[in-house]
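The lines below spell out each chain.
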Amino acid sequence: MIPQPDHAETADPAHEAARRRTFAIISHPDAGKTTLTEKLLLYAGAVELAGAVRSGKNGRHATADWLAIERERGITVTSTALQFDHRGCRFNLLDTPGHQDFSEDTYRTLLAADGAVMVVDAARGIQQQTLKLFEVCRRRRLPLVTFVNKLDQPARDPLALLDEIERVLSLETAPRNWPVGDGTAFQGVYDLVGRRVLRFRRTERGQHKSPILRAGLADPELAAALGDAAANRLREEIALLEGAGTDFDRSRFLAGDQTPVFFGSALTNFGVEPFLDALAELLPSPGPRDSDRGPVSPDDPDFSGFVFKIQANMDPHHRDRMAFVRVCSGRFRKDMEVRHPRLGRTVRLSRPHRLFAQERATVDEAYPGDVVGLVNPGLFAIGDTLCEGAPRRFDAMPRFPPECFGRLSNRSAERHKQFHKGLIQLEEEGAIQVLFPRDGAREPILAAVGNLQLEVVTARLRAEYGVDAAVERLPYVAARWIEGDPARVARMVWPTRASLRAEDPRGRPVALFASDWALAYCSTENPDLVFRHPE
């Protein structure tokens, strides 16, 4: 359910910006990120039934996972924007892939967020991919809220989990609630702020909101509800926390030095509603953005925004491409004319959409923090700035260096046009990079951060373009763009059998190397040339 638009004649831009909450969700694969996303939508009233990722044969799919490959495998492979209202706030939730092979998409999405939610598996704690994504948040000083998930399964000691977060991430923790049991004995949480027990009851397949029983620690009904042993243990743990726990410090949270921690179970809905309420209170509204003309404040009357994502074929009937624009300042208006600094021209934004995963609705206006979808006829690229007033550019989005390579062949010779169209559009999304070998082979080479990206390309070519394609893995581990005098590049010294000459779609020379040794050799033997990572 897409929120109703704000009305231009009554909406105050400063007020609208202040009530925005734009955040991303990060986690290790299978920590429950997409399930938590679905349950936040349920409690915000944005969906009537929650579709868990592990639903049965006839169950629902998660709203955020709309690509065919996501529904088949139960994983998230592309970022999604979801907008909904709750407690007077307008949330822009950016669901990100958890798998490390899609780190680049996640990184770009985090650049569009003002805060993040980190989902941690209560049994496994901090895992490798969680650590990598956290480092991205740390570099941006993003305020981070932690949700320790899967308390409905056997879990580690809550104090041990807090200690691990502090030790591994060097991030101070401030628990905001405390679990009552775990596994089959998990009954709810103790709200450390409101000083009350929230006891939940399970619903069928977690598709409906959980009824809640509220009681204080001294309430005589508590023991009857939880059982004497669980009630006594909870009282002891809360006494310990109140004596030795860390108080929440908003200034440290906003600086990225402290994380408020919540415990719960997204699958059973335990703790989800109070967590959503807390996000409205804790997450910051949009702040200034750095540009080549200095910081841009949300209060700046001139509109500005940047493209952080391109997605093809969101609408299977129209087969169009959508550019995701994060609004940074001013007021976005349908049919407005803006500057496009990269192209050096003015463009009219005539077909804007408000996004809710795959769904869309025409939008007349938007404010800082909002994500607007623009139908892209080839004008927009990832990293583009759009603005009113003096031309400016927001900080560039770096590309990750590819580490996996494969030669792509088209088995559907009669669908030659569809093959090349799909390849161009998937590269435009930033899903992969396309290179063309100079060894006489006709097939293009795909360059990706992870092997799963190569599988996604062939799956999407089949599902969205009707093309049967295959990838032959190549034994290269690094790619470098070569800069220098063209005549010198033509006669550069190459390591034998350990490299491949190629070029990108702009005709720039690229070298692929089979080992770090081969790359080092080439750099040493050609000191007058520069070997760069992708822009």
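Residues numbered from 1 in each chain as written. Predicted model: local features only at pLDDT ≥ 70, side-chain atom pairs only at ≥ 80, totals over all residues. Heavy atoms only, no water.

(A) Quick peek at the packing of helix α11 (residues 416-428) against helix α12 (residues 451-465). One way to put it is that α11 packs onto α12 with a least axis distance of 10 Å and a crossing angle of 125°. The orientation of α11 with respect to α12, classified from their angle, is oblique. In the packing of α11 onto α12, the handedness of the crossing is right-handed. Mapping the contact onto sequence places Gln-418, Phe-419, Lys-421, Gly-422, Leu-423, Gln-425 and Leu-426 in α11 and Val-457, Arg-460, Leu-461 and Tyr-465 in α12. Per-class residue counts for the contact of α11 with α12 are 6 nonpolar, 3 polar and 2 charged. (Axes fitted to C-alpha atoms, helices over the stretch in contact; angles between N-to-C directions. Helix = DSSP H or I, 4+ residues; strand = E, 2+ residues; numbered from the N terminus. Parallel < 35°, antiparallel > 145°, perpendicular 65-115°, else oblique. Left-handed = near helix turned anticlockwise from the far one by under 90°. Contact = heavy atoms within 4.5 Å. Nonpolar A, V, L, I, M, F, W, Y, C, P; charged D, E, K, R; others polar.)

(B) The arrangement of the environment of Arg-176 in detail. With respect to the element layout, Arg-176 can be found in the loop between β6 (172-175) and β7 (177-180). Given the relative accessible area of 10%, Arg-176 is considered buried. Sequence-wise, Arg-176 and Phe-263 are 87 residues apart; in three dimensions their C-alpha atoms are separated by 8.4 Å. Those residues within four positions of Arg-176 in sequence are excluded, and the remaining contacts are Tyr-190, Asp-191, Leu-192, Val-193, Phe-248, Pro-260, Val-261, Phe-262, Glu-281 and Leu-282. (Buried < 20%, exposed > 50% of the residue type's maximum accessible area, 1.4 Å probe, protein only.)

(C) Up close: the sheet that holds strand β23 (residues 433-437). The 8 strands lie next to each other as β25-β22-β24-β23-β27-β28-β26-β29, forming an open sheet whose pairing is antiparallel. Because the sheet does not close on itself, it has two edges, and the strands there are β25 (469-474) and β29 (530-532). Going across the sheet, the axis of each strand differs from the next one's by a mean of 40°, ignoring polarity. Both β23 and strand β24 (residues 445-448) contribute to a ladder of 3 bridges, which runs antiparallel. Each bridged residue has a counterpart across the sheet, and for Leu-435 the counterpart in β24 is Ile-445. (Pairing = 2+ DSSP bridges.)

(D) Region of interest: the pattern of salt bridges. Applying the stated criterion to the full structure yields 29 salt bridges. With a closest N to O distance of 2.8 Å, Glu-429 and Arg-460 form a salt bridge. Here Glu-429, found in the loop between α11 and β23, pairs with Arg-460, found in helix α12; they are 31 residues apart in sequence, far enough to count as distant. Via salt bridges that share partners, Glu-16, Arg-19, Arg-20 and Asp-370 belong to a single interconnected network. (Salt bridge = Lys/Arg side-chain N within 4 Å of Asp/Glu carboxyl O.)

(E) Focus on helix α14 (residues 516-525). Turning to α14, its buried residues number three or more, namely Ala-518, Leu-519 and Cys-522. Here the buried residues of α14 occupy an arc of 100° about the axis, which is enough to place them on one side. Those residues of α14 that are exposed and angled more than 90 degrees off the buried face are Asp-516, Trp-517 and Thr-524. On its buried side, α14 packs onto β26 (478-483), β28 (509-513) and β29. (Arc of directions from axis to C-beta.)

(F) A look at the nonpolar core. Core analysis: the largest hydrophobic core is formed by 33 residues, its most contacted members being Leu-94, Leu-110, Leu-144 and Phe-308. Of all the elements in the fold, those that place two or more residues in this core are β1 (20-27), α4 (103-111), β4 (115-121), α5 (128-140), α6 (158-169), β12 (304-312), β13 (321-329) and β20 (371-375). The greatest single-element share of this core, amounting to 4 residues, is contributed by α5. Every residue in contact with Leu-94, bar those within four places of it in the chain, is listed here: Thr-22, Phe-23, Ala-24, Ile-25, Thr-80, Ala-81, Thr-109, Ala-112, Ala-113, Phe-308 and Val-371. Formed by 31 residues, the second largest nonpolar core is a distinct cluster that contains Leu-36, Leu-276, Ala-278 and Ala-280. (Core = buried A, V, L, I, M, F, W, Y, C linked by side-chain atoms within 4.5 Å.)

(G) Local environment of the packing of aromatic side chains. The full count for this structure, using the stated rule, is 13 aromatic pairs. Here Phe-84 and Phe-91 contribute two aromatic rings whose centre-to-centre distance is 5.2 Å and whose plane-to-plane angle is 15°, an arrangement assigned as stacked. We note Arg-176 situated over the ring of Phe-248; from NZ or CZ to the ring centre the distance is 4.7 Å. The ring of Phe-324 has Lys-309 sitting right over it, with the charged end atom 5.9 Å from the ring centre. (Phe/Tyr/Trp six-rings, centres within 6.5 Å; stacked < 30°, edge-to-face > 60°. Lys NZ or Arg CZ within 6 Å of the ring centre and 35° of its normal.)

(H) Focus on the packing of helix α2 (residues 33-43) against helix α10 (residues 272-282). Contact pair α2 / α10: the axes reach a minimum separation of 10 Å and the direction vectors enclose 80°. Compared by their axis directions, α2 and α10 come out roughly perpendicular. In this structure, α2 contributes Leu-36, Lys-39, Leu-40 and Tyr-43 to the contact, and α10 contributes Val-272, Glu-273, Phe-275, Leu-276 and Leu-279. Looking at side-chain class alone, the contact of α2 with α10 contains 7 nonpolar, no polar and 2 charged residues.

(I) Representation of the pairing of strand β11 (residues 258-263) within the structure. Burial runs high along β11: 6 of the 6 residues are buried. Covered by surrounding structure in β11 are Gln-258, Pro-260 and Phe-262 together with Thr-259, Val-261 and Phe-263, the residues of both alternating faces. Where β6 lies against β11, 4 bridges are found, and the strand directions are parallel. Within β11, the residue paired with Thr-173 across the bridge is Thr-259.

(J) View of the confidence of the model for the protein chain. Confidence in the prediction of the protein chain, expressed as mean pLDDT, is 86, and 87% of residues score 70 or more. Contacts from residues 50-62, a stretch scored under 50 in pLDDT, to residues over four places away or in other chains number 31 contacts. (pLDDT = per-residue confidence, 0-100.)

(K) Region of the structure containing α12. Spanning 15 residues, α12 covers 21 Å between terminal C-alpha atoms, matching the ideal 21 Å at 1.5 Å per step. Taken across its 15 residues, α12 has 11 buried, putting it largely inside the fold. Three or more residues of α12 are buried, namely Leu-452, Gln-453, Leu-454, Val-456, Val-457, Thr-458, Ala-459, Arg-460, Leu-461, Glu-464 and Tyr-465. Directly after α12, the chain includes Gly-466, whose backbone phi takes a positive value near 65°. (Expected span 1.5 Å × (residues − 1).)

(L) Representation of the pairing of strand β2 (residues 80-86) within the structure. Burial analysis of β2 places 6 of its 7 residues in the buried class, the great majority of the element. The pairing of β2 with strand β3 (residues 89-95) spans 7 bridges and is classified as antiparallel. Following the sheet pairing, Ala-81 is matched in β3 by Leu-94. The turn linking β2 back onto β3 is made up of 2 residues, and Arg-87 within it adopts a positive phi angle of 50°.

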